Structure formats: C-alpha cells, structure tokens
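Chain and residue survey
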Amino acid sequence: MFDAVRVGALMDRVGPLTAPAEEDLVPVLPALRPVLPGGGLRPGSVVCVDGPGAGSLGLALIAGACQDPSSPGGGWCAAVGLPEFGVLAAAGMGADPARLLLVDDPGDRWPDVLATLFEAVGLVLVRLPERLAPGVARRLTALARKHGCVLAVAGDWAGAQLRLRVDTTEWTGLGDGHGQLTGRRARVIAEGRGAAAQGRETWIWLPGPDGLVTPATPPSTRHTHLEVVA
C-alpha cells in the first residue's frame, strides 16, 4: 500500500523540479526515436501504451528516461500500480535502478500518489484502476503538464497526446517444436496529435537476445509466425 511517509522521504531526496523548457524532451531509447516527433517525449504529455508486448514497451520508456541526470526530471522515473514491474529487465535495457521509484499498490490514494510524483520525476508509468472519473483525469493531466512530467499509461486515457501501440510481434529461437525463446521482434506504431497525427511505425527488438531494445528488420512471413492484433 501507499506509504506517505516513505514517499515523502523519497521526495526530499529527489527534490522539487522546475518544469523544463518546451524544447527539452524526455529521452527515449534510440530504437524508438524514429516514431516520435523530435525523437523524444514532450514534457507534460500523456502517452498511452498498449498492444501485445505493452509491458516491455513500458519498460523501454522507463529505460530511456531513467538514465541521464541532465534530462528533464533529472533522469528519475516511477512505476505505479505495477507490482510485476521487472526492475532487472529495465536495468538490462539501460535504466538506472537508483533513479527508479516503485509504488506497487497505491490503493485508493493513487491520484494523490501521481500528483506527488509529478513534482519529482520526469516520467511516471501507471496502470489505472478500472474506472477513472473524468474530473480526476483532467486534474492529473493538468498537474502533469504543470510540472513537465510525462504520464505514461498502460492502457487507455481519453485525450492522450500520443499512443504507442505494439500491433505485431514475433518470437525467435524456436525451431520445429524445440529450442528456447531468445528475442522478440515487434512493430511499434505511434499515433497522436500535431506532428504525431500522421502516424509512424518501426520494428524493434523488444527485447533482443541480449536483453536490449534495438532496431530490427521486419521478419520474413514465409518462415515465421506473426501475432497480429487488430
């Protein structure tokens, strides 16, 4: 459950943030830059992440933002409502675990948790409760924008500026009924408003055999099985 005292102590450690300049973008891993306007995430924006492999894509966003102390948010990130969050996997993708805050179960106080974290980190990845009141969504959107924190939502959020969707995946490493899964290629599609309205897509390893997220070539449909989700 959410521990206000413990989070308060973390806030004292991280310190308050000043909203970044408009031209400063929250960084992402190089493999994801081709689908994002400017090659990064706009501070204060809401980003939805969904599709098969969305969990790994959320880890990849954390890995890109949770590295560089000179980036917006000081390289600090948080994950809320994700008890299964893979810290080791995120670290393998490049995240700095020392700059990662985890709130596995915020309980009924999750809006307060998010509002608090917006003041201290550059990106918050959250899985929402089943129901979200419109007034709460508007308040949190405004607070994220005010503090320049990217709100990355595992699922849907009405009015999100950007949506990152994994629509096709392909695992490698299996032969004819034998072998071991070694990596997953995924097609990521970015859609949204403004410069992102036209839609962009790219193939990436999510992750590759080495655990990293890197550019990938499209698989050959003649020799592989693709999982496509409408």
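Residues numbered from 1 in each chain as written. Predicted model: local features only at pLDDT ≥ 70, side-chain atom pairs only at ≥ 80, totals over all residues. Heavy atoms only, no water.

1. Details of the nonpolar core
To keep things clear, this is the line we draw: For our purposes a nonpolar core is just a set of buried Ala, Val, Leu, Ile, Met, Phe, Trp, Tyr and Cys residues, chained together by side-chain atoms within 4.5 Å. Any residue under 20% of the maximum accessible area for its type is buried, any over 50% is exposed, and the rest in between are partly exposed; the area is computed with a 1.4 Å probe on protein chains only. In DSSP terms, a helix is any run of H or I states spanning at least four residues, a strand is any run of E spanning at least two, and both are numbered starting from the N terminus. Residue contacts follow a heavy-atom distance rule, with two residues in contact if any of their heavy atoms lie within 4.5 Å.
Of all hydrophobic cores here, the largest spans 40 residues; its most connected members are Leu41, Leu61, Ile62, Phe85 and Leu123. For this core, the secondary structure elements donating two or more residues are β3 (46–50), α2 (54–65), β4 (77–80), α3 (87–93), β6 (123–126), β7 (150–154), β8 (162–174) and β9 (179–192). Ranked by residues supplied to this core, first place goes to α2 with eight residues. Beyond its immediate stretch of four places on either side in the chain, leucine 123 contacts Leu41, Leu61, Ile62, Ala65, Trp76, Cys77, Ala78, Cys149, Val150 and Ala152.

2. Concerning helix α5 (residues 134–147)
What sets the pattern is the α-helix's 3.6 residues per turn: residues three or four places apart point alike. Selection criterion: A helix is expected to span 1.5 Å multiplied by its residue count minus one. Read the arc as the range of directions from the helix axis to the C-beta atoms.
With 14 residues, α5 should reach 20 Å at 1.5 Å per residue; the first-to-last C-alpha distance of 20 Å fits that figure. For α5, every residue scored as buried is listed here: Ala137, Leu140, Thr141, Ala144 and His147. End-on, the buried residues of α5 take up no more than an arc of 145 degrees, which puts them together on one face. Relative to its buried face, α5 has exposed residues pointing more than 90 degrees away, namely Pro134, Arg138, Arg145 and Lys146. The secondary structure elements touched by the buried residues of α5 are β3, α4 (110–118) and β7. A positive phi of about 70 degrees marks glycine 148, the residue just after α5.

3. Section: the pairing of β6
Our working rule: At least two bridges found by DSSP between two strands is the condition for calling them paired.
Of the two faces of β6, both are covered, the one formed by Leu123 and Leu125 as well as the one formed by Val124 and Val126. Taken together, the four bridges between β6 and β7 define a ladder with parallel strand orientation. Considered in β7, the bridge of valine 124 is made with leucine 151.

4. What to know about the state of the cysteines
Put simply, the test is: What counts as a disulfide here is a pair of cysteine sulfur atoms lying within 2.5 Å.
Under the definition given, this model contains zero disulfides. Unpaired in terms of disulfides, cysteine 77 finds its nearest cysteine sulfur in cysteine 66, a separation of 4.5 Å. We classify cysteine 77 as buried; its relative accessible area is 0%.

5. Brief notes about the environment of cysteine 48
As for its placement among the helices and strands, cysteine 48 is situated in strand β3. Look at cysteine 48 and you get buried, because its relative accessible area is 1%. Considered as a pair, cysteine 48 and alanine 160 are 112 residues apart in the sequence and their alpha carbons are 6.6 Å apart. Those residues within four positions of cysteine 48 in sequence are excluded, and the remaining contacts are Val153, Gly155, Asp156, Trp157, Ala160, Leu162, Arg163 and Leu164.

6. Some words on the confidence of the model for the protein chain
Put simply, the test is: How sure the predictor is of each residue is captured by pLDDT, a score from 0 to 100.
Averaged over all residues, the pLDDT of the protein chain equals 84, while 80% of them reach at least 70. Confidence drops under pLDDT 50 across residues 15–22; counting only partners more than four residues distant or on other chains, this segment forms 15 contacts.

7. Topic: the environment of threonine 169
By secondary structure assignment, the location of threonine 169 is in strand β8. A relative accessible area of 3% means that threonine 169 is categorised as buried. Residues threonine 169 and valine 188, spaced 19 residues apart in sequence, show a C-alpha to C-alpha distance of 9.3 Å.

8. Focus on α4
Counting buried positions over the nine residues of α4 gives seven, a clear majority of the element. Within α4 the residues assigned to the buried category are Trp110, Pro111, Val113, Leu114, Ala115, Leu117 and Phe118. Packing partners of the buried residues in α4 comprise β4, β5 (100–103), β6, α5 and β7.

9. A short note on the side chain of threonine 141
On the secondary structure map, threonine 141 appears in helix α5. The exposure class of threonine 141 is buried, given its relative accessible area of 17%. In this structure threonine 141 touches Val46 and Trp157, once residues within four positions along its chain are discounted.

10. Observations regarding the pattern of salt bridges
Note the cut-off: For salt bridges, the criterion is a side-chain nitrogen of Lys or Arg within 4 Å of an Asp or Glu carboxyl oxygen.
All chains considered together, the criterion is met by eight salt bridges. Across the pair arginine 109 and aspartate 112 runs a salt bridge, and its minimum N-O distance is 4.0 Å. Residue classification places aspartate 112 among the partly exposed residues on the basis of a relative accessible area of 35%. Between arginine 187 and glutamate 201 there is a salt bridge; the shortest N-O distance is 3.9 Å.

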